[in-house]
Amino acid sequence: MAEDQALPLRISEIKDPAVLFERYDTEQIRRIERKVRGEIEQKKEELRQMVGERYRDLIDAADTIGEMRQCSESVVHSIQDMHQYCQRLKQGKCSVDSSRQESQMQSQEKFYIMASQIKLLLEIPERIWSAMEASQYLQATQLYLLCCHLHSLLQLEAATGGHYSPVLARFPILVRQVATTGHFRSTILLDSRSLLRGRAVSDQAIAEALVSTMLLEDSSPRQALADFLLARKASIHQLLNQPQHGAGIKAQVCSLVELLVTTLFQAYAVFYLPPEGGPRLGEGALSCGMLFSILENVTSTTAAAKGRRVLQEETSTGSWFRYLPPSITEFQPTLRTLAQPIQREQLRDTLQQWIDTCKEDICRGVGSLLVYVKSLKGLAAIRDAVWDLLSTDSISQHWSTVCQRLLERPLAVWDDFLQQLFLQRLQAITKEETEAISTSSVQLLSSAVRDLEDQTIHISSGTNTGSGRGAQYEVDVASYLWLESPGDLLSDAGWVSVTQRGQQHQRSSLAMKTQALTPSVQNFCSSLDAKLKARLDDLQHYLPSQDTGCDSISVASSAPSESLSVSSFNRFTDSPAVEEALREGCLACVRHILSSIRSELAAASPDPSPARLSSVLFMARLCQSMGELCPNLKHCVLGKPSGSEVMAKGTPRQSKKLGKARAAAEVSPAQAKWISLREELLTCSMEAYRIWSSALSKVLLNKFGTVLHAESAGSILTTATHWEDLEIQEEAESGSSVTSKIRLPVQPSWFVQSLLFQLCVEVNRVGGHALPRPTLQELLQACLSQALHHYHNLTQQAHSRDGVFPMTQNRALQLLFDLRYLNSTLGSRLEEGKSSRSHRDPRFHEVCDWLESYIDPFDLDVFTPPLNSNLNRLSQRTSVLLGLLTGTEKQFASRSSSVNSQEPYNILPLASSQIRFGLLPLSMSTVRKSKSASRSSDAAHKLHF
């Protein structure tokens, strides 16, 4: 027993059994169980005793009533006997008997009046409970006040000194009835205020509940308005604090909006009074001033109000009602203070203050609820549900009238309360999703780069097991281009015209090969495009549809007053902000990817290894093709094209020129951002290609310089090629013709041919037909510049060192032929109308002059025309083999001063228009010459047999 008392625990404190197992051990829990069971048995025993005592009291009261009935019957019989006895008395005694009988009748009538009041007092609690169960709180209040009036008439209050009144002394059952009646007031007040919190409560019920509160608390209409608004604010807090998940958030937000709108409608119906002289009821189905009309009907003492007294329905039932005094049958509740109507200014200020307070709570609560909405589709569903709710006829028809009369201003629930919250959540979702896309894309990029580098290392070391195809394709695109696969052409490609081919045909495997887009690039862009498409599809739920979007926006912008009469608000006013959020998110995503690419390029730029070159080329192609292979990226930045824009894309070419002119004249901010993004992608691609081209030119020209600076005669002879024997006729001093035989180079040295061929092979390996023109020009310029550098170093080496193989005339002729051939092949692709000499490096002329200094001047004049002819013919013959390196126009200037000198050779038109032919058919991006120009060039180049 001492152990049980030592437990610091009360039975009333036991709420969660799990806490007991956390705080106590098994033995203590068993003692607690025994203690609880003991108290349960004790309470049962007390309940039995209490029921038994009350039952005995009821039995005693019933016995007392039975004895009273027997006593009254005996008295009646005795009176009857006395009456019969008195009839036999003398006439002198009749007057005395009549007076006694009259007094007895008066006492009996008083007894009946008191008995009827007691019976009514005993029946009122049951009627109050029935009214409360039917939610008729006004009737319950009236009955309660009638009960209080009966208490005062019967003097049932306890007298001074603790003694009961005479009635309580004679009728002990009324003691408990008086105690029971005292709890009705708090119960009616509690239930009436709980009714005020409900959304689906009629205006009549709200007004009656407020009248009940006013009668019980003797309050004013202003206090009733404060109670009503306080109850609605508590209801808003209750809705905001409910745990909701998934679709419950939509119902919760709609319930908040419905509660807010219903509160204003009911405030108008209950508290608003029209100006003096106006009707009490509002226009149409709107009613107003119900609080004051009900209060007047309940408390008024006029003849019309007396017809609606509390006991009107009970007067025709029961014979004992006729003994009730008029103060009870005509009872009407009264207010101690006069119920003054609420002034319009006070009503407006009170409602505006309540709206401002609820706005802060709703914004805070709804903002915390929207955190659980993870998609724009969910936000759009909630917004559409609110729109459907506010667009119902019961709300939209009278909302502006109610707001104007109550607040003297319009109140837009969506614009003032929810629109900014939804927009902020939409921007947050878009930012989170685009950041997730950016992070996953950067991870995918890093893993792709690491995989390409590892595969390249395995390929170079010869340990490749067949899984390094991705790295092989990045370095050697030709192996991918000439690899046939079933998906190169679609099954319907043979009978679908070019104008009718869609995105699926443009993304075929053969189309990707023509653009030199490797599978690694396609996989990355497909992954990014799929994620952006998911974002774009999710965004479309929040934007107007393509069929009705423009119409709805134009109607809302042109006639806002008319649109408000049809619908509650325009759902798509924030469409530009929504598209801007996605646009900024996508731009930030792509720029994050670009920053990661730039960091990878910066790590590889000083001296890229062969393993790094595959990743560099991958990133270059990725940046070059991201705008084309990710069409949803363009849609995210520019917006999804409408139906009219899609139809405009299929118009003939005549409209395209007009469209280009308009686009040049009018560029929207979104188009400007898209153009800027494309420029950033192109710049990053050019940086990556520049790293590859510089590494390639460095490797090739280092080998070229090593062979060029060979010092031994054997090394020089190893690189020599076959010369051509030519017979020329010269005029002697005597005037006779002299025939002489000369030997001139017709081919460049082997190391020059090896350089050009290897350069062409390397360019074709990386997909030279798809290389950007500036990249190819930079590569050729870098190679030419480094070649000139090596030639210039050769001139310095010859002057500064001794013991080097001497520079002979034949070697000088070969080097001069090599240098001019390199310059003509690797020279920049000149634009029309510009001179070739203005673009030549001054070192070229210096080296040519230095080489020509080793040739006899007389021989140089004789050698120059056939040397130029050999050079021109060699360029044409190698234009097919070195197609990617040579341009469509080449000018071979003569070293002689005669401008109008004609070449003595007719050149066979080996190529009619000198079109470049690579290892793959190329898409011609250059402007071809006209037929007349091609014919004139064909006539100029003929070969003499």
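This section reports on the structure supplied with the text.

The rules behind the values
Residues numbered from 1 in each chain as written. Predicted model: local features only at pLDDT ≥ 70, side-chain atom pairs only at ≥ 80, totals over all residues. Heavy atoms only, no water. Helix = DSSP H or I, 4+ residues; strand = E, 2+ residues; numbered from the N terminus. Buried < 20%, exposed > 50% of the residue type's maximum accessible area, 1.4 Å probe, protein only. Contact = heavy atoms within 4.5 Å. Salt bridge = Lys/Arg side-chain N within 4 Å of Asp/Glu carboxyl O. Patch = residues over 30% accessible without salt bridge, like charges linked within 9 Å, V, L, I, M, F, W, Y side chains within 5 Å. Areas by Shrake-Rupley, 256 points an atom, 1.4 Å probe, with all protein chains shown as cover. Pairing = 2+ DSSP bridges. Arc of directions from axis to C-beta.

## Digging into the overall build of the protein chain
Here is step 1: Each helix and strand in the protein chain was counted, giving 39 helices and two strands.
Here is step 2: In the protein chain, which comprises 945 residues, the proportion classed as buried is 40%.
Here is step 3: Looking at the protein chain alone, contacts between residues at least 24 apart form 78% of all its contacts between residues at least 6 apart.

## Some points on the environment of Lys359
Here is step 1: Mapped onto the elements of the fold, Lys359 is located in helix 15 (residues 344-370).
Here is step 2: Lys359 sits 58 residues away from Phe417 along the chain, and the two C-alpha atoms are 6.4 Å apart.
Here is step 3: Leave out the neighbours within four places in its chain, and Lys359 touches Asp416 and Phe417.

## Details of the pattern of salt bridges
Here is step 1: Per the stated rule, a full pass over the model turns up 28 salt bridges.
Here is step 2: Where Asp384 meets Arg571, a salt bridge forms, and the shortest distance between an N and an O atom there is 3.2 Å. Pair noted here: Asp384 is in helix 16 (residues 376-390) and Arg571 is in the loop between helix 26 (560-566) and helix 27 (575-604), with a separation of 187 residues, a long-range link.
Here is step 3: A residue is classified by how much of its surface remains accessible, and Asp384, at 22% relative accessible area, is partly exposed.

## What about unusual backbone geometry?
Here is step 1: In the Ramachandran plot, Ser135 falls in the positive-phi region, its phi being about 60° despite a non-glycine side chain.
Here is step 2: Position of Ser135 relative to the elements: it lies in the loop between helix 4 (94-133) and helix 5 (137-154).
Here is step 3: Located in the positive-phi region is Glu408, a residue other than glycine, with phi close to 60°.
Here is step 4: Looking at Glu408, the relative accessible area reads 38%, which means it is partly exposed.

## Here we look at a nonpolar patch on the surface
Here is step 1: Together, Leu47, Met50 and Val51 give the surface a local cluster of nonpolar side chains, amounting to about 270 Å² of exposed area.
Here is step 2: Tracing the backbone through its elements, the reader meets Leu47 in helix 3 (residues 26-87).

## Side note on the pairing of strand 1 (residues 723-731)
Here is step 1: When strand 1 meets strand 2 (residues 737-745), the two strands line up antiparallel, connected through nine bridges. Bridge pairing links Asp725 to Arg743 in strand 2.
Here is step 2: Connecting the antiparallel pair strand 1 and strand 2 is a turn made up of five residues, with Gly735 showing a positive phi of about 95°.

## Focus: helix 18 (residues 399-407)
Here is step 1: The complete set of buried residues in helix 18 reads Trp399, Val402, Cys403, Leu406 and Leu407. For helix 18, the buried positions fall inside an angular range of 95° around the axis, keeping them on one side.
Here is step 2: Phi turns positive one or two residues past the end of helix 18, at Glu408, with a value near 60°.

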